[in-house]
Amino acid sequence: MENKTSFLPREGEAQPSRCPDNSAFKQQRLPAWKPQLTIASVLSCFFLTGAFCLTVGVCLVLSANSVREIQIDYSDKCSDCSKLRENSSNWNKECHCSVNFTLKEDILGDVFMYYGLENFYQNHRRYVMSRSDAQLLGRNVNIQRSKCAPFSTYRNGTPMAPCGAIANSMFNDTIDLFYNRNSSVIQVPLLKTGNSWWTDKNVKFRNPESYNLSSAFAGTARPPYWQKPVYLLDEEDERNNGYVNDDFIVWMRVSAFATFRNLYRRVRRVRHFTQGLPAGNYTFRIAYNFPVTRFKGRKHVILSTVVWSGGRNPFLGIAYLVSGTAATLTGFVITGIHLKLRKKKTYFQKQ
Amino acid sequence: MADPIRWARYRWQRLISTEGRECSSNNSSSKCYQSPKTTGKHRIVIPCLGHFKEEYEKVSKLYMNNKIRTTRYTLLNFLPRNLYEQFHRVANLYFLFLVVLNWVPVVEAFQKEITMLPLIGVLTIIAVKDGLEDYSRYKMDKQINNLVTKVYSRKEKKYIDECWKNVSVGDFVRLSRNEIIPADMVLLYSSDPDGICYIETAGLDGETNLKQRQVVRGYSEQVSEIDPEEFSSRIECESPSNDLSRFRGFVEHSNMDRVGLSKENLLLRGCTVRNTEAVVGIVVYAGHETKAMLNNSGPHYKRSKLERKVNTDILWCVLLLLLMCLTGAIGHGIWLSRYSETPFFNIPGPDGKLSPPALAGFYMFWTMIILLQVLIPVSLYVSIEIVKLGQIYLIQNDIDFYHEKTDSTIQCRALNIAEDLGQIQYIFSDKTGTLTENKMVFRRCTIAGQEYCHEENAKRLEAYQEMDSEDEDPADCQCGSSTPTSKCQGHNNRAVCEPLNRKPLNQLSGSYSAFKRQDEAGDIPHSGHMAFSSPIETDVVPDKQLLEKFSQISYQQSEETSSKLSLETMYITDFFLALAICNTVVVSGPNQPRQKMRLSSLSRMPIKSLEEIRQMFQRFSVRRLSSSPLPSVKESSSVSPNSFVRKLSIFRMKLASSNLDGAAQRVSEPQNTDSPEDSQVPGELHLVNVAAGGEPSHAVSSVELSPIPKPCYEAESPDEAALVHAARAYKCVLQSRTPDRVTVDFAGLGSLTFQLLHILPFDSLRKRMSVVVRHPVSNKVIVYTKGADSVMMDLLRTASEVHTNNSEIEEKIKERTQQHLDDYARRGLRTLCIAKKVMSDAEYAEWLNHRFVAETSIDNREDLLLESAMRLETKLTLLGATGIEDRLQEGVPDTIQALRKAGIKIWMLTGDKRETAVNIAYACKLLEPEDRIFTLKSQSRDACALVMSKILEGIQKNASIKEKNSEKLGNVSASPSAQARGFNAGLVIDGRTLEHVLHDSLQNIFLELTEECRAVVCCQATPLQKSVLVKLVRSKLKAMTLAVGDGANDVSMIQVADTGVGISGQEGMQAVMASDFAISQFRHLRKLLLVHGHWCYTRLTNMVLYFFYKNVTYVNLLFWYQFFCGFSGTSMTDYWILILFNLLFTSVPPIIYGVLDKDVSAEILMELPQLYTTSQKSVAYLPSAFWITLLDAFYQSLVCFFVPYFTYCGSDIDIFSFGNPINTSALFIMLFHLLIECKSVTWIHAVVIVGSILFYFVFSLAVGATCKTHNPRSDFYWIMEQHMTDPVFYLVCLLTTCIALLPRYLIRVLQGTLFPSPVLRAKYLVRLSPEEQRKAIKRWKDECNVNDRVELQPTSVPSSSAAGAVLEEETTDSALPASKTPFHSSSCCIAPF
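For every chain, the first residue of its written sequence is number 1, and the numbers climb from 1 along that sequence. Here the convention is simple: chains get letters from A, ligands get numbers from 1, in the order in which they are written. Local features in this predicted model are restricted to residues of pLDDT 70 or higher, and side-chain atom pairs are both shown and tallied only at a pLDDT of 80 or more, whereas totals for entire chains, interfaces and linings draw on every residue. Side-chain figures throughout are based on the complete set of non-hydrogen atoms in the structure, without hydrogens or water.

**Student:** How should I be thinking about the packing of aromatic side chains in this particular structure?
**Tutor:** Working definition: an aromatic ring pair is given by the centre-to-centre distance plus the angle between the planes. Any two rings among Phe, Tyr and Trp, with Trp reduced to its six-membered ring, count as a pair given centres within 6.5 Å; such a pair is stacked if its planes are under 30 degrees apart, edge-to-face if over 60, and tilted if neither. Applying the stated criterion across every chain, the model contains 81 aromatic pairs over all chains. Arranged with centres 4.8 Å apart and planes meeting at 80 degrees, the rings of Y121(A) and W335(B) form a pair that is edge-to-face. Of this pair, Y121(A) sits in the loop between strand 5 (112-118) and helix 3 (125-129) while W335(B) sits in helix 8 (residues 305-337), which puts the two residues in different chains. Note on F257(A) and F1218(B): the rings are 4.6 Å apart at their centroids and 70 degrees apart in plane angle, and the pair reads as edge-to-face. A residue pair is termed interchain when its members come from two chains, as with F257(A) in the loop between helix 8 (246-252) and strand 9 (260-267) and F1218(B) in helix 45 (residues 1215-1237). Judged on exposure class, the residue F257(A) and its partner F1218(B) are both buried. Here, a charge over a ring means that NZ of Lys or CZ of Arg falls within 6 Å of the ring centre while also lying within 35 degrees of the ring normal. Between R253(A) and the ring centre of W197(A), over which it is positioned, the NZ or CZ distance is 3.7 Å. Where helices and strands are cited, they refer to DSSP runs of H or I of at least four residues and of E of at least two residues respectively, numbered from the N terminus. Think of it in three bands: residues with accessible area under 20% of the maximum for their type are buried, residues over 50% are exposed, and the middle band is partly exposed, with areas taken using a 1.4 Å probe on protein chains only.

Structural data, given as structure tokens:
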């Protein structure tokens, strides 16, 4: 630093020479890999990529094809119910409807039951934010200061539990599946729990500490659209009640798209259903509570199996196949160019 | 790392300069306190003593004391002030605006705190950096403020130790030798009996030669030290200014007498007192008002061309951003209006009301701006700064810029225009010291019309040249560089010197090389001190003929010849006296370079010896009649034995004290060895004997081998030193110089002491300097003047003015001298005319009166001084002229050729004569022998216009013929290189014509003309003209200009040019101070431009493009998602990762890429200058490149978004699980994209890229594992962990990366194979074996040459006719065809140097 203000002897005698170090870094002579992007050097790369993509693509397509799935749109099938729900003053009136369908072949393996919603923009920015994770952790927080507004307190100051728009708009249809076997109707045993992520259920969602749930939620009120308070979500199973209710947790994990499905139940593989769902006639009995006409939406119920590559969406496999083919074709094309050019020797040195 | 500190220095210096302004305004506001006598902005300095006390109290309050504070901040104001300064940046303001915007509830996109994060991060980094720099300045200030000096204390009546900071205006300060001057003070006393103080200004401007300062007139007579108590005068001087070379004022004694003050009386803060035991001065400026502090100008902040382009592209990005936001806003409005009822997910505001779609859309616009803010890259600015720092660091550490002889390497003073080096189109070069070494060597002289060509001297110089080239290789090796570059440089050197090798090496050269080696070895300890005194400059071998004549001064044999000879002898005597006296050289002893040479015995008895000498001289002139040499010898011996014996005894003592040193001395003294020299200097021994006196004893003569201790000369300019050394070779030795006396040891005549009446220093306006002395013998006032022949010839007295019979002779001498001068100039020598004038006492008295008025005036003193000088320098008698050679620096022709091949136009702007300039231009291959030279030399503007249009017409006609011919030949000039249109014309223009040409009306045609010429030489150009030319080319042609120079006269040009390069040479540091880059040799320009310029430019452009790509890609991912979330401004990525993505995960690799990427190796770039044109024409950063990059970015973002979208479409994926693969594959895409673009991948790249990926995963995992509550948006919880176990995640990332990068990869591959750019082709050369590589490079070069030649060949014949046609029409001498042959032959002549 040769600060002009320093009138101290400038040339330090300690520095004998200002000659820079002759190190590879300072002289920019670091050994370097200089990738040469010419056809000759990348041919193998294209073919390898092509082969790999094709292989993966085939695997993916095969596995996606092995998935059995049945999807039933019931939003119009219970037209009277949907009309009833259009008027929000009827929220308290129960409405049931049944949907019959036939499985032509067995669905083997684990069968998952989803409810699907269409055109429900769960990913709306303000909707996504409208929750209080601290509250859901069972902490006694002042939800006034959270993002829950306007679904945080009632006018009289009673806080909502849980607060926020996500919780408020929770999907509240009840769907039961019946198997019509030889004119006898067997209710398919469905698992209510284990549908959510383990970490959600055990870490992220916690009920407030108290000797029982109803006292834990004392002083709070249910969200306006709910028919029952949060501590009555599952009266049968203490560990699936309150905030740690699986349906609630699954709903709170907001979906990425406006059309989505959420896991609702799993078929319990007992008795008739140890192999999955046998072929035959089935009936969904639905307690129709969730109005979809307000947002021009639709409701589905879906039965599906799951493989390692996810659901029945064949896109990934096809994409792999296409890109694999493309890469291989490109490989051939540039091989052609290469062979043509190689006749003119050292083409890249010519101008 | 000096760089950031220098950067910082710049910043605070700017600040200081504003403070300084404040100070000066304070001063002017304090006028009311000043005495009524003073007017305007003067300052009064009075000592704080005695009866002044009261007034002092009043005045001194207003002046700053000597405490300096260069820090910008104090502890208290650091935060506000730093923030204030940082928000001067538009980018920071933009981000501040975003932060503020995010606090508006309706548009809030992120959490408030998160938006602040990047801004706070950037601000903190810079604040910490500023703070650290400021702290180091604070420490430095403290150290300086607490230095101790001796200040007179009123209480204790003596000088006491005091800290610098406590010194204030009006204090008396006493300094001893080697002490640093604490403040600007007027010198009142010096222990030197002549009232001189020597100072070294290295601390101020880097010049290492001693400067003399004088005690104020009237005080110098005092024998004893000045007593501050007695000091009863007041000093009035101008207000503080930053002009180092100006100081005006006067001392008013109590009796109202005024004595003028000049810069000669001012000791500047920061200089060091040398060679003077003690000085006392009164402080006039202190602290920040000192000239040194006011003069602090650090590196400039120029804005590079690339940066300007980047800014326009950023504006495009802003437009894009607005477009995207508008789309979002409109989309949201439409989406909302589709719903007749309020859906669940459109939740009302906290007040329970919903805004109508239009309003919601409006809000959404702002939300989008926050969300998509990353498009305007905050990190881009920071990254560019960092990359530039890194590039500068690498440039500074390039070993090839190291010049061992001066132990200097490149200095980058401007930090942000490194990439401009890659775009230079025009180079404006100074000649002296830039192309040449500025080692002035006396070559020839003409005295009284008789030429002495000094052939032996020429041989000697060849010998040196020889040696230099031999020395070069070991020097390079010593530095440790054994790269091919240095080898090739060595090779080049040899090529330059080839003509030499062919010359027979005589014994002389061998012995000389032996000297030089010895000499250098001995020189090393004080090599830094001695300016302009390498043996090549000091050892002049006298011309035999002249020496003979010279010796006749003492051995005038026959009376018959004397009548003619005497006049010539008079001329010769006066000539050498003028050489020795007419300068400002400081003399110091030989072995203690900083010891002033003082022949005490001589100067102590000036009057007495003067008397004796006069007697001697009178006899000498009488002797012409009596014609006996012996008496004169006796006389002279009677004068000087005293002094001479003393000298001898000094020398003997020295010999005894250090045998080794003596031996070295003996060896270095050419006269002492057995070199062939001795035989060539036959007169010398005689002379010595004469000087030694009448009794030649063996004892004396044995020591006499080196009879006169060689004084060391320290000159301000190398020309002066060369002339003084030349005079010494003829035994006319400048022995000492004091302000009022000059002692010259003249041949056998002993010492002559001249009373020095005035020195009229050199200035560029007069182009001459004069001394006025009183001749000791004739007692007449004599003016010796030396200067450029262009001005001197007009000042000579004409026949009409002279009424002596000499007038004819004088006319003849003038004529012949002019011939010789022209000849010298053609040989590329620098010419100086020497003239004298004898004044009568009456004339002198009259002039003196005038002069006195001029000196004491304050206001328009400069003009008055100039006028008085002009009055003096008239009616001169021409004595002769000198030709000084300035050798070309090594590697200059090669460098010029290489730069020209790189498509750079080179102009030479010099103040020298036309012939000299043209010759140097030939020597350095700026002009080739086969070029047509057009010379513009017009008296009037109209003629000039006419000539230019004629020339232009000729050239264009020529060009069309050329084209036709080339078509006939079937050779389509396909080469797109810059030389395609390169008509081989050279333009030479002189200063006076330049004046016309630069007029508005002619500018355009002139530029048109110069564009057609391959080289332009402007001679006799003033500094102002130089800068105007640069400005003209820069503004009219919109070209990138580089100005290179070494002297103060180049400063304006350097400052005006886009890139200023200073050569830290012999002429001080002004050019370096003004420059952006300072190099030590012109040849370094080659690597600086061709290699570093190319690299810096391509690196930075690629990095900038990459940054745009990166940001656009990333932002678009968010944008595409808006189509699936009702344009509601949701992001599918966690905000933390979103914001940090650019700051943490993808910022380091591009920076490394920007600093280290190497498209072509340095060796090949040096070999193939043609590659420079790619960066010069900014091929890498055309607008198309920007848009292609953006297109690619769009494509990649589409792939990156939609592959995961379709994969997860309709599944139960949640927002952040969907965002995670997108984000991850974006990371991979960006990093691999970089890898595709990387031309060379070192382990650093690998580490950084792998590190970035690892860091991303670690960070995501950590966030996923911990962040469940502290942030309301904790949905990222456990997502990464979940995905890491999901094969689909990997498959999605893999596929996305592949598809996204495939097109770019394919295009690069096809480009690499089918249409390789020159750069790519050059890159492949590296792969070849050395043998093949050499062949390929040769083939390439041949290709270029063939292209050129095809264009050249047909030109040669018609061009001459065309040129002739033009020139025939201009017989009015307005344009001269520079005749080819003399230059050609002379260029052969000059080649050896």
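**Student:** Please explain the pairing of strand 3 (residues 96-103) of chain A as it appears in this structure.
**Tutor:** Remember that side chains alternate between the two faces of the sheet whenever the strand is regular. Residue and element names in this part refer to chain A. A one-sided burial pattern is seen for strand 3, the buried positions being C97, V99, F101 and L103 and the unburied ones H96, S98, N100 and T102. Any two strands with at least two DSSP-identified bridges between them are counted as paired. Strand direction decides the pairing type here: strand 3 and strand 11 (residues 280-287), joined by eight bridges, are antiparallel. Looking across to strand 11, one finds that L103 is bridged to G280.

**Student:** What is the right way to read the pairing of strand 32 (residues 1059-1063) of chain B from this model?
**Tutor:** Residue and element names in this part refer to chain B. Burial within strand 32 is extensive, with five of its five residues counted as buried. Alternating positions in strand 32 separate into two faces, T1059, V1061 and I1063 on one and G1060 and G1062 on the other, with burial throughout. As judged from the four bridges shared by strand 31 (residues 1041-1045) and strand 32, these two strands associate in the parallel manner. Bridging across to strand 32, V1044 finds its partner in V1061.

**Student:** I tried to follow the nonpolar core on my own but got confused; where do I start?
**Tutor:** One broad trend across soluble globular proteins is that nonpolar side chains are buried collectively. Counting residues in hydrophobic clusters, the biggest one holds 208 residues, and the most contacted among them are W251(A), L277(A), F284(A) and F1218(B). In this analysis, two residues are considered to be in contact whenever any of their non-hydrogen atoms come within 4.5 Å of each other. In this structure, F1218(B) is in contact with A256(A), F257(A), Y1121(B), M1132(B), F1201(B), P1204(B), Y1205(B), Y1208(B) and I1213(B), ignoring residues within four places of it in sequence. In plain words, nonpolar cores are sets of buried Ala, Val, Leu, Ile, Met, Phe, Trp, Tyr and Cys residues tied together by side-chain atoms within 4.5 Å. Judged by nonpolar contacts, the second largest core, of 62 residues, contains I581(B), C582(B), V587(B) and A722(B).

**Student:** Can you help me understand the sheet that holds strand 8 (residues 190-191) of chain A in this one?
**Tutor:** Sheet strands pair by backbone hydrogen bonding; their relative direction is either parallel or antiparallel. Residues and elements named next belong to chain A. In spatial order, the strands read 2-12-5-9-8; together these five strands make up an open sheet with antiparallel pairing. Pairing within the sheet leaves two strands with one partner each, and these edge strands are strand 2 (69-73) and strand 8. In this structure, strand 5 lies alongside strand 12 (residues 298-304), joined through seven bridges in antiparallel fashion. Pairing of M113 across the sheet is with L303, part of strand 12.

**Student:** Just checking my understanding: could you explain the side chain of S1260(B) for this structure?
**Tutor:** Residue and element names in this part refer to chain B. Structurally, S1260 can be placed in helix 46 (residues 1243-1266). The exposure class assigned to S1260 is buried, which follows from its relative accessible area of 0%. Residues in contact with S1260, not counting those within four places in the same chain, are I1137, F1276 and M1280.

**Student:** Explain the side chain of S304(B) to me, please; I cannot follow it from the model alone.
**Tutor:** Residue and element names in this part refer to chain B. You can see S304 is positioned in the loop between helix 7 (291-294) and helix 8. S304 sits in the buried class, given a relative accessible area of 0%. Ignoring anything within four residues of it in the chain, the contact list for S304 reads K388, N416, I417, E419 and D420.

**Student:** Would you explain the packing of helix 3 (residues 78-86) of chain B against helix 5 (residues 112-145) of chain B in this entry?
**Tutor:** The geometry of a pair of packed helices is captured by two quantities: the angle between their axes and the separation between those axes. All names here are of chain B. It is the contact of helix 3 with helix 5, at a shortest axis distance of 10 Å, that shows an interaxial angle of 120 degrees. With respect to helix 5, the element helix 3 is oriented oblique. For the pair helix 3 and helix 5, the sense of crossing is right-handed. Counted together, F78, N82, L83 and Q86 of helix 3 and V122, L123, I126, A127, D130 and G131 of helix 5 form the full contact between these two elements. Amino acid classes used here: Ala, Val, Leu, Ile, Met, Phe, Trp, Tyr, Cys and Pro are nonpolar; Asp, Glu, Lys and Arg are charged; the rest, including Gly, are polar. Here the residues of the contact of helix 3 with helix 5 are counted per class, giving six nonpolar, three polar and one charged. Here, axes are lines fitted to C-alpha atoms. For helices the fit covers the stretch in contact, and angles between N-to-C directions go from 0 to 180 degrees. Geometric relationships in this document are graded by angle, where less than 35 degrees denotes roughly parallel, more than 145 denotes roughly antiparallel, 65 to 115 denotes roughly perpendicular, and other angles denote oblique. When the near helix sits turned anticlockwise from the far one by under a right angle, the crossing is termed left-handed; a clockwise turn instead gives a right-handed crossing.

**Student:** Any chance you could explain helix 28 (residues 807-826) of chain B here in plain terms?
**Tutor:** Since one α-helical turn is 3.6 residues long, residues separated by three or four positions face the same way. Residues and elements named next belong to chain B. Expected helix span is taken as 1.5 Å per residue step, with the number of steps being one fewer than the number of residues. For helix 28, built from 20 residues, the straight-helix expectation of 28 Å at 1.5 Å per residue is met to within 8% by its first-to-last C-alpha distance of 29 Å. For helix 28, every residue scored as buried is listed here: S807, E810, I813, T817, H820, L821, D823, Y824 and A825. One or two steps after helix 28, the chain reaches G828, where phi turns positive at roughly 80 degrees.

**Student:** Where do I start with the UniProt feature "binding site: Mg(2+)" (unreviewed entry) in chain B in this structure?
**Tutor:** All names here are of chain B. As annotated by UniProt and renumbered to match this structure, "binding site: Mg(2+)" (unreviewed entry) occupies D430, T432, D1046 and D1050. The named residues occupy 621 residues along the chain; their greatest pairwise C-alpha distance, 10.4 Å, places them in one compact cluster. Mapped onto the fold, T432 is located in the loop between strand 15 (426-429) and strand 16 (436-447). Residue class for T432 comes out buried when judged on its relative accessible area of 9%. Secondary-structure assignment places D1050 in the loop between strand 31 and helix 37 (1051-1056). Contacts of D1050, omitting those with residues within four sequence positions, involve D430, K1026 and G1045. Polar contact criterion, stated in full: a pair of N or O atoms within 3.5 Å, where within protein one must be able to donate a hydrogen and the other to accept it, and residues adjacent in sequence count only if both atoms are side-chain atoms. Within the local environment of D1050, its side chain forms a polar contact with the side chain of K1026, the two groups lying 2.8 Å apart. UniProt positions are given in the numbering used here, feature names are shortened, and annotations may be inferred rather than shown by experiment.

**Student:** What is the right way to read the state of the cysteines from this model?
**Tutor:** Covalently bonding the sulfur atom of one cysteine to the sulfur atom of another cysteine gives a disulfide. To count as a disulfide, a pair of cysteine sulfur atoms needs to be within 2.5 Å. Counted by the stated rule, this structure contains two disulfides over all chains. Note that C81(A) is cross-linked by a disulfide to C95(A), the S-S spacing being 1.6 Å. Taking the torsion about the sulfur-sulfur bond, which here is approximately -85 degrees, the covalent link between C81(A) and C95(A) counts as left-handed. Residue C81(A) is located in helix 2 (residues 79-86), and its partner C95(A) is located in the loop between helix 2 and strand 3; the two are separated by 14 residues in the primary sequence. The pair C81(A) / C95(A) is uniform in exposure class, with both members buried. A sulfur-sulfur separation of 1.9 Å characterises the disulfide bridge that pairs C148(A) with C163(A). Taken together, the residues span a long stretch of sequence, with C148(A) in the loop between helix 4 (133-136) and helix 5 (165-168) and C163(A) in the loop between helix 4 and helix 5 at a distance of 15 residues. Look at C148(A) and you get buried, because its relative accessible area is 0%. In this structure C453(B) is not part of a disulfide, and its nearest cysteine sulfur, from C445(B), lies 9.7 Å away. Taking relative accessible area as the criterion, C453(B) reaches 25% and is therefore assigned partly exposed. Left without a disulfide partner, C1019(B) is nearest to the cysteine sulfur of C1018(B), which lies 7.4 Å away.

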